[in-house]
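Analysis of the macromolecular model
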Amino acid sequence: MARLGKRRKWELNGDLPRVFEPTLKVEGQENYDLRGHWHGRVFENNQPITIELGCGKGLFLLELARRYSKRNFIGVDLKGHRFWTGAQQAHDEGLANVAFLRLPVEMIERVFAPGELSEFWLTFSDPQPKDFRDTKRITSPIFMARYLRTSREGGLVHIKTDSALIYRRAKQAWQDKLLEDSTDVHGELVNRVDENFRTLLEFQSPYEKRWVREGRKIYYLRFPL
Ligand SMILES: C[S@@+](CC[C@H](N)C(=O)[O-])C[C@H]1O[C@@H](n2cnc3c(N)ncnc32)[C@H](O)[C@@H]1O
């Protein structure tokens, strides 16, 4: 198939029933209609919801969804044309436990009610090295506080990154609660986790493939909110 442009992908997203594109005004205080209703109205079950924040093409999200049919998965990204790839693939595969959401992560509380989410993946987030006030880096404590306000008690956060900055800052902020900590996912972590988790960690998104090819180390942290 010929490569599709951004515009065409935006149009095609409009035909996919599991792509949601709230038009919340940045200044406004209104909430999204589905806030508090994702289980009942979207997934029609009460299975826990895992969210990937900054999901890009959404291929890792699909990998999660194929493995864990008893959970629901939502991929969030600012850029709808990026996740069109995953959304179309999920549709073609008939994956009923997947949805995509075009949203700045900053607005997460206006789209999810307290307790609605159970697990948070942040994969290869932009490190934002000049974000000295921590207001743009989506792995910062300011963002974690937002996630906490949408989370079930003890909701788990997974951070997988090539960025030493993201790793260092998150580790510093959550050091008392860390459940897992690795500075070399493919070199050592994969050798000490169970088979299921090993093969999940070995799945590489297009970004990760690039960083691994360049010889960068991949970091991983897990902690409860
Ligand atoms: C480096 S890419 C990683 C994509 C994907 N996680 C992967 O591993 O292939 C970062 C993604 O985060 C998205 N992003 C960055 N800041 C965001 C924000 N504030 N809200 C939503 N998405 C954001 C970008 O649009 C981009 O797709």
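This text follows the structure it describes.
Now for a quick tour of the structure.

Cut-offs used in this document
- Residues numbered from 1 in each chain as written.
- Predicted model: local features only at pLDDT ≥ 70, side-chain atom pairs only at ≥ 80, totals over all residues.
- Heavy atoms only, no water.
- Core = buried A, V, L, I, M, F, W, Y, C linked by side-chain atoms within 4.5 Å.
- Buried < 20%, exposed > 50% of the residue type's maximum accessible area, 1.4 Å probe, protein only.
- Helix = DSSP H or I, 4+ residues; strand = E, 2+ residues; numbered from the N terminus.
- Contact = heavy atoms within 4.5 Å.
- Pairing = 2+ DSSP bridges.
- Near = heavy atom within 4 Å.
- Polar contact = N/O pair within 3.5 Å; in protein donor to acceptor, adjacent residues only side chain to side chain.
- Areas by Shrake-Rupley, 256 points an atom, 1.4 Å probe, with all protein chains shown as cover.
- Nonpolar A, V, L, I, M, F, W, Y, C, P; charged D, E, K, R; others polar.

Remarks on the nonpolar core
Counting 37 residues, the largest nonpolar core has Trp-38, Leu-53, Ile-74 and Tyr-147 as the members making the most contacts within it. Ranked by residue count, the leading element in this core is helix H6 (residues 164-174), at four residues. Among residues more than four places away in sequence, those in contact with Leu-53 are Val-76, Val-105, Ile-108, Phe-120, Trp-121, Leu-122, Ile-138 and Tyr-147.

Side note on the pairing of strand S8 (residues 219-224)
With six of its six residues buried, S8 lies for the most part within the structure. Every second residue of S8 is oriented toward a common face, with Tyr-219, Leu-221 and Phe-223 on one face and Tyr-220, Arg-222 and Pro-224 on the other, all of them buried. Sheet topology note: the strand S6 (residues 151-161)/S8 ladder contains six bridges and is antiparallel. Directly across from His-158, in S8, lies its bridge partner Arg-222. In this sheet, S8 lies alongside strand S7 (residues 180-182) in antiparallel orientation, the contact comprising three bridges. Among the inter-strand pairings, Glu-180 is bridged to a residue of S8, identified as Arg-222.

Structural notes on the site of the ligand
Within the structure, the ligand sits among 18 residues, and Gly-54, Asp-77, Arg-82, Thr-123 and Ser-205 are positioned closest to it. Leu-78 is positioned with one of its backbone polar atoms (N or O) 3.2 Å from a nitrogen atom of the ligand. Ser-205 has a polar side-chain atom sitting 2.9 Å from an oxygen atom of the ligand. When isolated, the ligand has an accessible area of 600 Å², and the protein chains bury 93% of it. Of the residues contributing to the shell around the ligand, the split by class is eight nonpolar, four polar and six charged.

Here we look at H6
Listing the buried residues of H6 in full gives Leu-165, Ile-166, Tyr-167, Ala-170 and Trp-174. Against helix H5 (141-148), S6, S7 and S8 lie the buried residues of H6.

Structural notes on the environment of Leu-101
Relative to the helices and strands, Leu-101 is located in strand S4 (residues 98-102). Of the residues examined, Leu-101 reaches a relative accessible area of 0% and is grouped as buried. Leu-101 sits 82 residues away from Val-19 along the chain, and the two C-alpha atoms are 5.9 Å apart. If near-sequence neighbours (up to four positions away) are discounted, Leu-101 is found in contact with Phe-20, Pro-22, Trp-38, Ile-74, Gly-75, Val-76, Asp-77, Phe-83, Val-111 and Phe-112.

Geometric descriptors of this kind do not, in isolation, establish any biological role.
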